Amino acid sequence: MLDMSWGEVMLIGGVALIVIGPKDLPKALRTVGQVTRKVRRMAGEFQMQFNEAIREAELDDVRKEVDGIRDTVRNASGGFNPVQTIRDELKGAVEARAPKPSAETLVDATAQLKAAESETPASAGGSYDVPKALDQPAAQHAPEIEAAPAAPPVPGSVDDPYGPAPDPAPAPHGPAPSAPAAGH
């Protein structure tokens, strides 16, 4: 409150009782309470208005910053279309890889096709190119077969570098033990 101890409050109460008198003291305390309530209410309203003004000032600053960012984005994104940019990049990459036919190549190919058509007689049902037999024997076209590497030795055989496999353990002699019957 106002950093008053109980002793100070008692002293003020005693002075008020003597000065105001016992008859008017309740009315005076009621009036002091109402004035205190009004002062607190006014202080609370002032504090709320002060906080609201601070929020509005901060909000205006934030609003200005957001508007500035929005304007920057609008100016920068006028020509920015990510889908179109990706399409253009892909198209450029594909066109860069594909060789562009030159006019000479097309003329040569057309001349070769016309020469081939004039050499072969056209039949009523259409013509098909049939591959001709090669002049060289088939043996010359076959790739040379390399000799297969020697097969590795069988484990446990005489050729095994680790030696023959050890003999398996001898089987136990005598009858096999029987299982006990259930229910006995």
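### Thoughts on the overall build of the protein chain
Then step 1. The helix and strand inventory of the protein chain stands at 5 helices and 0 strands.
Then step 2. When the helices and strands of the protein chain are placed in sequence order, the string is α-α-α-α-α.
Then step 3. For the protein chain, the computed accessible surface area is about 18,200 Å², with 62% contributed by carbon and sulfur atoms.

### Topic: the packing of aromatic side chains
Then step 1. According to the stated counting rule, one finds 1 aromatic pair in the structure shown.
Then step 2. Taken together, a centroid distance of 6.4 Å and an interplanar angle of 20° make the contact between Phe46 and Phe50 stacked. Of this pair, Phe46 and Phe50 both sit in helix α2 (residues 25–76), 4 residues apart, which is roughly one turn of the helix.
Then step 3. For Phe46, a relative accessible area of 57% corresponds to the exposed category.
Then step 4. Accessibility expressed as a relative area gives 47% for Phe50, which makes it partly exposed.

Procedures and definitions
Residues numbered from 1 in each chain as written. Predicted model: local features only at pLDDT ≥ 70, side-chain atom pairs only at ≥ 80, totals over all residues. Heavy atoms only, no water. Helix = DSSP H or I, 4+ residues; strand = E, 2+ residues; numbered from the N terminus. Areas by Shrake-Rupley, 256 points an atom, 1.4 Å probe, with all protein chains shown as cover. Phe/Tyr/Trp six-rings, centres within 6.5 Å; stacked < 30°, edge-to-face > 60°. Buried < 20%, exposed > 50% of the residue type's maximum accessible area, 1.4 Å probe, protein only.

Geometric descriptors of this kind do not, in isolation, establish any biological role.
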